[in-house]
Amino acid sequence: MSLLVVGLSHETAPLEVLERIARHPAAVASLRHCVAGAEDIAESVVLATCNRVEIIAEVDRFHGAVSDIAEALAQAGGFTRREITEVLYVHYDERAVHHLFSMTCGLNSMAIGEPQVLGQVRDTLTAAQHAGSVGAHLNPLLQHALKVGKRAHAETDLDAVARSLVRRGLDLLADVTPPLSHASTVIVGAGAMAALSTATIRASSAADLTIVNRDRVKAAALADRHGVSSSPWESLADQLITADLVISCTGATQPVITLKMVTAALRSRQDGRPLAVLDLSLPADVEPGVEALTSVHRVGLADLHDRGDSEAMSPHPYVAQVMRHVRDLVTTEVAAYLMSQRARAVAPTVAALRSRAGVVVESEMQRLSRRLPDLDEPASAEVRQAMARVVDKLLHTP
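*Asks:* Honestly, the overall build of the protein chain in this entry has me stumped. Any pointers?
*Replies:* A tally of regular secondary structure across the protein chain gives 15 helices and 10 strands. Put simply, of all contacts in the protein chain between residues at least 6 apart along the chain, 72% involve residues at least 24 apart. Carbon and sulfur atoms make up 54% of the accessible area of the protein chain, which amounts to about 19,400 Å² in all. Averaging the locations of the 38 positively and 46 negatively charged side chains of the protein chain gives two centres separated by 4 Å.

Next comes the structure, spelled out in structure tokens:
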């Protein structure tokens, strides 16, 4: 049995390719079903996030499993086998463990260090547990990955790095928005990325900030935490009329800001102010065509990714230092996990050795009692203890 990770991400595939699977829950469900039923796959998890579609599997045969997974991905997205193969990455055994731990920390995300991936991995594992597609191999692996992700956020400044994605988006829109301290800002969503966006906007002394989310309780909780206001989901269209800046990060499978909604909002705006939209979701929260409207300026993940690639060539020294700390933590945790797996693998052998040693000691004690029938109980106990110590010392190293 071997660990295998096969997937595509923003680093290997265009966002529109990712969206063809990520946008459709039916496609993800079909992918899970096909992978779980593959002959060479014993356990499997399908992770579909805003940045990646990835299959984590415990497999019997490497080439057979890779072929099965590639075929399942092609069918789920409506690709040819050749099209999907060109954008796939494959990680195996130790490299797969390192990839999973790094990914759960957010090191491979478009928004470096984004905490949302932790919740996505946790939800994916829970779903796989309920479906019965994970067992003795993948369950502890993903539990360990979650532990590594939590450590990275708790013990390093990774969260500060994650905010840089929001800041990059705000920089790209700075020419068309008032200073944030005077702008009317609406954040759509209440998850981890929305929380990061709220914290980033508030750090710029923004006062007019509203959280809109389908779940009113979550919206109110996020708003209360930062001392801003929240508004019902039904008010989103009205919020667009007065907003200078909209940051959307819901994780919905269909656009929540539609062309019709924005068109109506622009007609109702009295002063012709531009509307800036920062779309941090994949699939996109903003319907295609909105960016073509007069006075609408949209920045999406693709725009941030392009800029991020150029900036990655010379990262800020502080960011580079944080990344080194997280990578060191990942390396340490990978070594610890692999050691625990090796110990687990040899545990049956060690148990068998100890059991066999116990049988040998007992056999020799019976033989000794026959040869020395006058040996009293204290002496016999001392001999037994001495033999046991010798066995323990001999077995300790192996």
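*Asks:* In this structure, what is going on with the nonpolar core? I would like to understand it.
*Replies:* Generally speaking, soluble globular proteins have nonpolar side chains that are buried together. In this structure, Leu-8, Leu-31, Leu-73 and Leu-280 are the most contacted members of the largest nonpolar core, which totals 61 residues. For this core, the element with the highest residue contribution is helix α3 (residues 62-77), accounting for eight residues. Each residue touching Leu-280, except ones within four places of it in the same chain, is listed here: Leu-165, Val-166, Met-193, Ser-197, Ile-247, Ser-248, Cys-249, Leu-301 and Leu-304. Listed in part, the 36 residues of the second largest apolar core include Leu-146, Met-323, Val-330 and Val-334.

*Asks:* I'm lost on the sheet that holds strand β10 (residues 296-299) in this one. Help?
*Replies:* The strands making up a sheet are joined through hydrogen bonds of the backbone, oriented either antiparallel or parallel. Strand order across the open sheet formed by six strands is β7-β6-β5-β8-β9-β10, with parallel pairing between neighbours. Of all the strands in the sheet, just β7 (229-231) and β10 have a single pairing partner and so form its edges. Neighbouring strand axes in the sheet, compared pairwise and without regard to direction, differ in orientation by 20 degrees on average. Two elements, strand β8 (residues 245-248) and strand β9 (residues 275-279), share four bridges in a ladder whose sense is parallel.

*Asks:* In this structure, what is going on with the pattern of salt bridges? I would like to understand it.
*Replies:* A pair can form between side chains of opposite charge whenever their charged atoms are brought close. Taken as a whole and assessed by the stated rule, the structure comprises 13 salt bridges. For Arg-82, the salt bridge goes to Glu-86, with nearest N and O atoms at 3.6 Å. Of the two residues examined, Arg-82 and Glu-86, each falls in the exposed class. Linked by salt bridges that have partners in common, Lys-147, Arg-151, Glu-155 and Glu-333 make up one network.

*Asks:* Sorry, what's going on with unusual backbone geometry here?
*Replies:* Only a minority of non-glycine residues have a phi that is not negative, and only a minority of peptide bonds are not trans. Unlike most non-glycine residues, Asp-93 shows phi in positive territory, near 50 degrees. Position of Asp-93 among the secondary structure elements: in the loop between β4 (89-92) and α5 (94-105). Judged by relative accessible area, which is 30%, Asp-93 ranks as partly exposed. The phi dihedral of Ser-205 falls on the positive side, at around 65 degrees, and the residue is not glycine. The residue Ser-205 is located in the loop between α9 (192-202) and β6 (209-212) in this model.

Definitions and cut-offs
Residues numbered from 1 in each chain as written. Predicted model: local features only at pLDDT ≥ 70, side-chain atom pairs only at ≥ 80, totals over all residues. Heavy atoms only, no water. Helix = DSSP H or I, 4+ residues; strand = E, 2+ residues; numbered from the N terminus. Contact = heavy atoms within 4.5 Å. Areas by Shrake-Rupley, 256 points an atom, 1.4 Å probe, with all protein chains shown as cover. Lys, Arg positive; Asp, Glu negative; His and termini not counted. Charge placed at Lys NZ, Arg CZ, Asp CG, Glu CD. Core = buried A, V, L, I, M, F, W, Y, C linked by side-chain atoms within 4.5 Å. Buried < 20%, exposed > 50% of the residue type's maximum accessible area, 1.4 Å probe, protein only. Pairing = 2+ DSSP bridges. Axes fitted to C-alpha atoms, helices over the stretch in contact; angles between N-to-C directions. Salt bridge = Lys/Arg side-chain N within 4 Å of Asp/Glu carboxyl O.

These values are about where atoms sit, not about what they do.
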